[in-house]
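Inside the fold
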Amino acid sequence: MTHLEEFTLLGLVTNSQAQMVLFVIFFVIYVLTIIGNFMIIVIIQRESCLHKPMYFFLANLSFLEIFYTSAVTPNNLGNLLQEKKTISFVGCFTQMFFFIGLGSSECVLLTVMAYDRYIAICHPLLYSTRMSPSLCVWLLCLSWAIGFSNSLVHTVYTALLPFCKDHLIRHFFCDIPSLLKLSCRNTYPNELVSLFVGGFVIVGSFMLTLLSYIHILKVVLKIPSQSGRKKAFSTCGSHLIVVVIFFGTVISTYILPGTDSYSEQKRLLSVMYGVMTPLINPVIYSFRNADFQNAINKMISQRRFR
């Protein structure tokens, strides 16, 4: 067994021209993600009409997305511009801890947001009492606690493995499946932990989220107005698209087994949930929302008449 002080991240491509193209694409996506999510936080904080549980969770989702994508993208951008693409042992597992922790927290938070919509649509008369400020804060803290507890288990259990093979991580960030391939010890126990502990958080959150939307759709179908049903379907459908894309790619990467050829596809899937969804979420959850659009128009009008 050899003691490794650093790993080498091979990234998605090795061709220098392709790396420059990827740099431009990832840089633009990263900048738009930061600006879009930061705008959501500022608008929700400034507009009193958005001081509701739904937007409280949305602001926290945007806060989470900023750090979630920042856990891997800046390091990836740096590696695309330099020949030496190394990351220290401590840096690798620090990156893993925050990426998995923030991603797991997002899984739970999306479930909380679906539950908030379920109460608002299916039990509107009880909404103000059930979704009290104290409960909202408690649910938010629960999301972060579950997410980082899950991450701590995976990070510590993976870091304790002996890495006696090459130090080449065939990925653009430090991730569990890629690191397990570098160990000379039987990683079956780690795979079981990833399946059961990670599966409990990821699949459990996905099923609860779907359950909430199923109940929501049942109520929406009973709306007498066709325009009302169309509006509700549009909103719920947009949310479901984000949920399916995010959870689907995460489950395919961490829960489903795969061959070496499928592992290459998993690397591409990780771009979707690690880079793209932090950009897509603000568009789906806020800019397609009527109340949020009104708040933006109000802010623009106020600036015009100053």
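Residues numbered from 1 in each chain as written. Predicted model: local features only at pLDDT ≥ 70, side-chain atom pairs only at ≥ 80, totals over all residues. Heavy atoms only, no water.

1. A short note on the environment of Ala159
When you line up the elements, Ala159 lands in helix H6 (residues 133-159). For the pair Ala159 and Lys85, spaced 74 residues apart in sequence, the C-alpha separation works out to 20 Å. Not counting chain neighbours up to four residues away, the residues in contact with Ala159 comprise Phe89 and Phe93. (Helix = DSSP H or I, 4+ residues; strand = E, 2+ residues; numbered from the N terminus. Contact = heavy atoms within 4.5 Å.)

2. What to know about the pattern of salt bridges
In this structure the tally under the stated criterion is one salt bridge. Between Arg117 and Asp116 there is a salt bridge; the shortest N-O distance is 3.0 Å. The class for Asp116 is buried, based on a relative accessible area of 1%. (Salt bridge = Lys/Arg side-chain N within 4 Å of Asp/Glu carboxyl O. Buried < 20%, exposed > 50% of the residue type's maximum accessible area, 1.4 Å probe, protein only.)

3. So, the state of the cysteines
Any covalent bond linking the sulfur atoms of two cysteines counts as a disulfide. Under the definition given, this model contains one disulfide. The residue that forms a disulfide with Cys92 is Cys174, at a sulfur-sulfur distance of 2.0 Å. Because the sign of the S-S torsion sets the handedness, a value of about -125° for the bond joining Cys92 and Cys174 places this disulfide among the left-handed ones. Taken together, the residues span a long stretch of sequence, with Cys92 in helix H4 (residues 89-122) and Cys174 in the loop between strand E3 (168-169) and helix H7 (176-180) at a distance of 82 residues. Using a relative accessible area of 1% as the deciding quantity, one classes Cys174 as buried. (Disulfide = S-S within 2.5 Å.)

4. Here's the deal with the side chain of Asn60
Along the polypeptide, Asn60 turns up in helix H2 (residues 53-70). Reaching out from Asn60, the side chain makes a polar contact with the backbone oxygen of Phe56 at a distance of 2.7 Å. Not counting residues within four places of it along the chain, the set of residues in contact with Asn60 comprises Leu109 and Leu140. (Polar contact = N/O pair within 3.5 Å; in protein donor to acceptor, adjacent residues only side chain to side chain.)

5. Remarks on the confidence of the model for the protein chain
Scored by pLDDT, the protein chain has a mean of 86; 92% of the residues are at 70 or more. By mean pLDDT, the top-scoring element of the protein chain is H6 (95), and the lowest-scoring one is helix H11 (residues 290-304) (75). (pLDDT = per-residue confidence, 0-100.)

6. Here we look at the packing of aromatic side chains
Both the distance between ring centres and the angle between the ring planes are used here to describe each pair of aromatic rings. For the coordinates displayed, the defined rule picks out 23 aromatic pairs. Between Phe99 and Tyr273 the ring centres are 6.2 Å apart and the planes differ by 40°, which places this aromatic pair in the tilted class. Highlighted residues: Phe99 in helix H4 and Tyr273 in helix H10 (residues 260-287), separated in sequence by 174 residues. A relative accessible area of 3% places Phe99 in the buried class. What makes Tyr273 buried here is its relative accessible area of 1%. (Phe/Tyr/Trp six-rings, centres within 6.5 Å; stacked < 30°, edge-to-face > 60°.)

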